[in-house]
Amino acid sequence: MKLLNVTLYNETFSYSFQILAYGVEYEQYNVSIVTRIMPVNDTNLFMTIVNIDPRDDKAQPVADVVFFANKTTLAEHYRLLDKVLNEIRKNDNTSRIWNKVKVELNDLARGGVERGLREYNVEGFGGAVVIDDLCTEACKFSLQYGRSGRVHLT
């Protein structure tokens, strides 16, 4: 698990946000969860990408998009996403993959956010994209590199 603090700035503008990147590797699959925590007006916005990357020939191009209508804490954001995936898996052939992601989301909520990163367990609105076998370059970058970054806008 890594927490990146990102600041975008130029001569007249500055904006900071955090990226929480969580990844686990198993013999049969990898799971990546990347959340951008952005302050917007008087609240926060959580934008999450969840990717499961099976290491066998059972990979399927699957994607689900989830939006949450009510404010939640970051830990609850992960728990609700876990519940949504549990419902999705009951109604189609994705139970094998979404059940694995569900376990990781629950671990991230409990162990990662509630215990280790309490100061980031803020309230906000959220959305997520959950995908199978299709991690974006942003996912890979967030999991691979350090704890803070700065980008200069010109």
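Participant: Would you explain the side chain of Asn 30 in this entry?
Facilitator: One can find Asn 30 in strand β3 (residues 29-40). Setting aside its immediate chain neighbours within four residues, Asn 30 contacts Val 24, Glu 25, Asn 51, Ile 52, Asp 53 and Arg 55.

Participant: What am I meant to see in the pairing of strand β4 (residues 43-54) here?
Facilitator: If a strand is regular, its side chains alternate between the two faces of the sheet. Sheet topology places β3 next to β4; 12 bridges connect them, and they run antiparallel. The residue of β4 that forms the bridge with Asn 30 is Asp 53. Linking β3 to β4, which pair antiparallel, is a turn of two residues; within it Asn 41 sits at a positive phi near 55°.

Participant: Would you explain the pairing of strand β1 (residues 2-9) in this entry?
Facilitator: For β1 and strand β2 (residues 14-25), the ladder comprises eight bridges, and the chain directions are antiparallel. Its bridge partner being in β2, Thr 7 is matched across the sheet by Ser 16. Connecting the antiparallel pair β1 and β2 is a turn made up of four residues.

Participant: Quick question: what am I supposed to make of the packing of aromatic side chains here?
Facilitator: Given two aromatic rings, their pairing is described by the distance between the two centres and the angle made by the two planes. Inspection of every chain in the model, using the stated rule, returns two aromatic pairs. Taking 6.0 Å as the distance between ring centres and 35° as the angle between the ring planes, the aromatic pair formed by Tyr 15 and Phe 17 counts as tilted. What makes Tyr 15 partly exposed here is its relative accessible area of 21%. With a centroid separation of 4.9 Å and 40° between ring planes, the pair formed by Tyr 26 and Tyr 29 is classed as tilted. Since its relative accessible area comes to 34%, Tyr 26 is described here as partly exposed.

Participant: How should the confidence of the model for the protein chain be read in this particular structure?
Facilitator: In low-pLDDT segments, the atomic positions of the prediction should not be examined closely. Per-residue confidence for the protein chain averages 80 on the pLDDT scale, and 77% of its residues sit at or above 70. Ranking the elements of the protein chain by mean pLDDT puts strand β7 (residues 148-152) last with 39 and β2 first with 93. Taken together, the stretch residues 135-154 has pLDDT below 50 and engages in 41 contacts with residues farther than four places along the chain or on a different chain.

Criteria and thresholds
- Residues numbered from 1 in each chain as written.
- Predicted model: local features only at pLDDT ≥ 70, side-chain atom pairs only at ≥ 80, totals over all residues.
- Heavy atoms only, no water.
- Helix = DSSP H or I, 4+ residues; strand = E, 2+ residues; numbered from the N terminus.
- Contact = heavy atoms within 4.5 Å.
- Pairing = 2+ DSSP bridges.
- Phe/Tyr/Trp six-rings, centres within 6.5 Å; stacked < 30°, edge-to-face > 60°.
- Buried < 20%, exposed > 50% of the residue type's maximum accessible area, 1.4 Å probe, protein only.
- pLDDT = per-residue confidence, 0-100.

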